[in-house]
Amino acid sequence: MLSKSKQPLLSIQNLVKYFPIRKGIFSRVVANVHAVDDVSFDIPEGETLSLVGESGCGKTTTGRTLLRLIEPTSGKIFYNGTDIANASTSQMRALRKDMQIVFQDPYGSLNPRMTIQSIVEEGLIIQGGYTASERKDLVCQTLKKCGLDPSYISRYPHEFSGGQRQRVCIARALVLSPKFVVLDEPISALDVSIQAQIINLLADLRDEYNLTYLFISHDLSVVEYLSNHVAVMYLGKIVEMADKATLYGNPVHPYTQALLSAIPTVDPSKRRSRIVLQGDVPSPINPPQGCHFHPRCPHATERCRTEAPQLINIGTADNVHQVRCFLAEKDFGTSGQTIQTVEKKEPTPPKQPQGKSKKKSGKKRRK
Ligand code: SF4
């Protein structure tokens, strides 16, 4: 938990998502891609938690899994205090009204054969209970909130620019008045000139409607602007998590320090000396033993190669600062309190298809 002062709207505990790799004519599981590995966090109502890290670290899979767009391998997902990890399809359909997503690609996530009205009102039709004129009114109001002219409702996606398309995607997510929205790199496919407009729109909508966001991004300067809390992921695990001021002001994990050192700044007094990591991110199919970061870490010791560090709290009970690194244990001594135990559980192998074999059968505006 990031702060004990506020009840979380969304809480995930020990979330795991492994993707099985199958081979052979009987599609036997020969390995697993460890996309999300024992991830836990809370997001208080009306606040924004950002997930950052390199491509392939499990950010998007975490966002999709907690919405049950991808089924979790194990773990708990609490929304408003109710565990939805095992909710039925009809229970999830009712919850979709409250939990929405904005996808990364505004070009690929809009059906080119549907008009803007059909795209935005689709969720209203699925939820039911609205007349055609009520739906049209809601679509127009939501487009207006998102900075689009309601007279555009009969146009098609190809008639819009990238920024306008992303506004349509945001309108589609907001038309049902959700409480929680996953923003999966919503600006990475846009021109730099449009990015600030979309980020300001998201911040204004959050403040006006008390929305709760999980913001997924690799742009750390945007993350700093929009977030209350930041979680840094590496190879499917959270390696550091804290409130924005703590994480940007006092990064402890060597991976966080390297990421922050790469943020460009025009103010020479805020410039950090650049830390260039060597090598590539290891394969999530066969992550390194011990600390997953040790092949690239400039501070790695023999212990890091054999023993996996625990996620410990080096902050206070009310202002949690979690770090997964032996250096933090050393620097903060016994005040560090273990948050999570790293339980290495292999997922239950999916059922093998039936075959003839006789063998037995994871509020400052941005400019
Ligand atoms: Fe580096 Fe060791 Fe800390 Fe991992 S545990 S980040 S290898 S110092």
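Quick caveat: nothing in here was measured; it's all calculated off a predicted structure.

Criteria and cut-off values
Residues numbered from 1 in each chain as written. Predicted model: local features only at pLDDT ≥ 70, side-chain atom pairs only at ≥ 80, totals over all residues. Buried ≥ 20, exposed ≤ 12 C-beta atoms within 10 Å, placed from the backbone. Helix = DSSP H or I, 4+ residues; strand = E, 2+ residues; numbered from the N terminus. Pairing = 2+ DSSP bridges. Right-handed = clockwise from strand over helix to strand, strands pointing away. Core = buried A, V, L, I, M, F, W, Y, C linked by C-beta atoms within 7 Å. Contact = placed C-beta atoms within 7 Å.

A. Structural detail: the pairing of strand β7 (residues 180-184). Of all 5 residues in β7, 5 are buried; the element is thus mostly enclosed. Side-chain alternation along β7 places F180, V182 and D184 on one buried face and V181 and L183 on a second face that is also buried. As judged from the 5 bridges shared by β7 and strand β8 (residues 212-216), these two strands associate in the parallel manner. When the bridges of β8 are listed, V182 appears paired with L214. Each parallel crossover has a hand, and the one from β7 via helix α6 (residues 192-209) to β8 is right-handed.

B. Just the sheet that holds strand β5 (residues 82-83), in detail. Within the open sheet, the 4 strands sit side by side as β2-β1-β4-β5. Their pairing is antiparallel. Bordering the open sheet on either side are β2 (28-44) and β5, each of which pairs with just one other strand. Pairing of strand β1 (residues 8-23) with strand β4 (residues 74-79) involves 5 bridges; the strand directions are antiparallel. The partner of Q13 across the bridge, within β4, is K76.

C. Broad picture of the nonpolar core. Within the largest apolar cluster, 79 residues are counted, with the highest numbers of intra-cluster contacts made by A171, V181, L183, L214, A231, V232 and I238. When sequence neighbours within four positions are dropped, the list of residues in contact with A171 reads V120, T142, L143, C146 and L148.

D. How the structure looks around the environment of L176. Locating L176 in the fold gives a position in the loop between α5 (162-174) and β7. With 55 residues separating them in the primary sequence, L176 and E121 have C-alpha atoms 9.0 Å apart. Aside from chain neighbours lying at most four places away, what touches L176 is K97, Q100, G123, L124 and Q127.

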